[in-house]
Protein chains: 2
Amino acid sequence: MQDGTFTPPGYSDGTRTARGRVFESDCPTRKLLDRIGDKWSALILLVLGDEDTRFNDLKRQIGGISQKMLSQTLQSLKRDGLIMRTVEPTTPITVTYSITPLGRELLAALRFMIEWAEVRLPEVEKAQRIHDQALGAD
Amino acid sequence: MQDGTFTPPGYSDGTRTARGRVFESDCPTRKLLDRIGDKWSALILLVLGDEDTRFNDLKRQIGGISQKMLSQTLQSLKRDGLIMRTVEPTTPITVTYSITPLGRELLAALRFMIEWAEVRLPEVEKAQRIHDQALGAD
DNA sequence: CAGCATCCATGACGATACTG
DNA sequence: CAGTATCGTCATGGATGCTG
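A brief report on the enclosed structure follows. (Residues numbered from 1 in each chain as written. Chains lettered and ligands numbered in written order. Predicted model: local features only at pLDDT ≥ 70, side-chain atom pairs only at ≥ 80, totals over all residues. Heavy atoms only, no water.)

**Quick look at the overall build of chain A**
Here is step 1 of the chain: Helix and strand content of chain A: 6 helices and 3 strands.
Here is step 2 of the chain: Each helix and strand of chain A, ordered N terminal to C terminal, gives the series α-α-α-β-α-α-β-β-α.
Here is step 3 of the chain: Looking at the 138 residues of chain A, the share that counts as buried comes to 44%.
Here is step 4 of the chain: A sequence separation of at least 24 residues applies to 48% of the contacts in chain A between residues at least 6 apart.
Here is step 5 of the chain: As displayed, chain A offers around 7,200 Å² of accessible surface, 51% of which is attributable to carbon and sulfur atoms. (Helix = DSSP H or I, 4+ residues; strand = E, 2+ residues; numbered from the N terminus. Buried < 20%, exposed > 50% of the residue type's maximum accessible area, 1.4 Å probe, protein only. Contact = heavy atoms within 4.5 Å. Areas by Shrake-Rupley, 256 points an atom, 1.4 Å probe, with all protein chains shown as cover.)

Here it is as C-alpha cells:
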C-alpha cells in the first residue's frame, strides 16, 4: 500500500469471485460507487495523482466545476482518507491538496476504467447511434 | 476485444497520461462515469458477467432494485452496446440478457475497482470515523 | 485566496398501478 | 413473465452572494 500499485486478491484459485459480496446488504462496491461515482471525485483524484494542487488551481484545471461542488467533493475525499489538506498560514491563507497512498491505490484501479473509456467510447457511441436508428427493430 | 481482457495503451512510454483528455469538453471518462457510475449499472454488468440472466432473475439477484430502474438501466446498457437482449417467443414471453464482448471488457476494468473496494473499504471507513471524531482538529 | 450559506432547478430513484 | 406509465420524493449540483 505504499506505492500506487494494487494487486487484487483471489481469482487465481478460481474459487473466489466478486459476486459473493456485491449483493450483500453492506456491499463495498455499492458504497464505493456511491462515493467516487459522482460527477467530480474521479477527476479530482486524477489531477492530484499528477501533482499537489491548490484550491483555485483545481477549479481552473477541472473545467465546469462549481466552487460549491469542488469544496464539497474535496471534503468528502478527505473524509474517506483518499486525499490530504495542508494549510500554510500565509496571508492570505494557502491550502494545498494532495493524494494519499490509499487514494493513489484507488486511482490506479480507476485508470483501467479511464483508459477503457478513452479507447472504447467511440464504439459505445457508435452502438448508441445504431441503436437509436433501429427504432422498432429491437 | 474478443475476450474479457483489456490492456490499456500508453503509460509504458511515459509520454501519454490520462490527464490530457480528461479535461477536454467531450471527456470520455466523464461520459463513462455518467453512464455506469449510476446506482445499478455496475451491479447488472457483474451479474451478467457470470451468466445470462432473465429479467425477473436479475430483479431477484440484485436486492433492492425496483422494476423501473432495472428496466431503465437495462435499456441504457443495451443502447451502449454493453449488453444484449434476446427474446424467445414463448408464452408468456422469455427475455434473456447477456453481456457483450465490449461489456465484458468494461467489466474487467470494473473488477479492479470492485476488488479494491472489497479490500480497502474498511480502511476508508476507519478514516471516516477518525475524521468525524477529530472535530476542529482538521 | 479559500472557502461557506442559501436558493433553486433538474433528474434520479422508489412506489404503485396497469398491460400484452 | 416482462415490462410500461405515472406520481411523488429526495439528493445532486449550479448560481449567486458573502466572509476571514
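**Comments concerning unusual backbone geometry**
Here is step 1 of the chain: Geometrically, the link from A:Thr91 to A:Pro92 is a cis peptide bond, its omega value of -5° lying close to zero.
Here is step 2 of the chain: Relative to the assigned elements, A:Pro92 resides in the loop between strand E2 (83-88) and strand E3 (94-99).

**Regarding the interface of chain A and chain B**
Here is step 1 of the chain: In this assembly, 60 residues from chain A lie in contact with 60 residues from chain B.
Here is step 2 of the chain: Of the roughly 6,300 Å² buried between chain A and chain B on both sides combined, carbon and sulfur atoms contribute 62%.
Here is step 3 of the chain: Here chain A is connected to chain B by 6 salt bridges.
Here is step 4 of the chain: With its nearest N and O atoms 2.3 Å apart, the salt bridge here joins B:Arg79 to A:Asp132.
Here is step 5 of the chain: Elements represented by at least two residues in the side of chain A that touches chain B include exactly helix H1 (19-22), helix H2 (28-36), helix H3 (41-50), helix H5 (67-79), E2 and helix H6 (101-133) of chain A.
Here is step 6 of the chain: If one sorts the elements of the side of chain A that touches chain B by residue count, H6(A) sits on top with 23 residues.
Here is step 7 of the chain: Looking at the side of chain A that touches chain B residue by residue, the classes come out as 33 nonpolar, 7 polar and 20 charged. (Buried area = accessible area lost by both parts, 1.4 Å probe. Salt bridge = Lys/Arg side-chain N within 4 Å of Asp/Glu carboxyl O. Nonpolar A, V, L, I, M, F, W, Y, C, P; charged D, E, K, R; others polar.)

**So, the protein's contact with DNA strand C**
Here is step 1 of the chain: Around DNA strand C, the structure places 19 residues, and the nearest of them are A:Arg54, A:Ser71, A:Arg85, A:Tyr97 and B:Lys68.
Here is step 2 of the chain: Between a phosphate oxygen of DNA strand C and a main-chain N or O atom of A:Val95, the distance comes to 3.4 Å.
Here is step 3 of the chain: Contacts to DNA strand C include B:Lys39, whose backbone N or O atom sits 3.3 Å from a phosphate oxygen.
Here is step 4 of the chain: Going through the elements one at a time, helix H4 (55-61), H5 and E3 of chain A together with helix H5 (67-79) of chain B are the ones with two or more residues in the surface near DNA strand C.
Here is step 5 of the chain: With 4 residues, the single largest contributor to the surface near DNA strand C is H5(A).
Here is step 6 of the chain: Per-class residue counts for the surface near DNA strand C are 7 nonpolar, 7 polar and 5 charged. (Near = heavy atom within 4 Å. Polar contact = N/O pair within 3.5 Å; in protein donor to acceptor, adjacent residues only side chain to side chain.)

**Notes on H2(A)**
Here is step 1 of the chain: Among all positions in H2(A), only A:Pro28, A:Thr29, A:Leu32, A:Leu33 and A:Ile36 are buried. Buried residues of H2(A) fall within an arc of 125° about the axis and therefore sit on the same side. (Arc of directions from axis to C-beta.)

**Some details on the relation of the copies chain A and chain B**
Here is step 1 of the chain: Screw-axis analysis of chain A against chain B gives a translation of 0.0 Å along the axis, an RMSD of 0.1 Å, and a rotation angle of 180°. Taken together, these values place the two copies in the relation of a two-fold axis. No C-alpha of chain A lies nearer the rotation axis than that of A:Gly37, which sits 2.3 Å from it. (Least-squares fit on C-alpha atoms with pLDDT ≥ 70 in both.)

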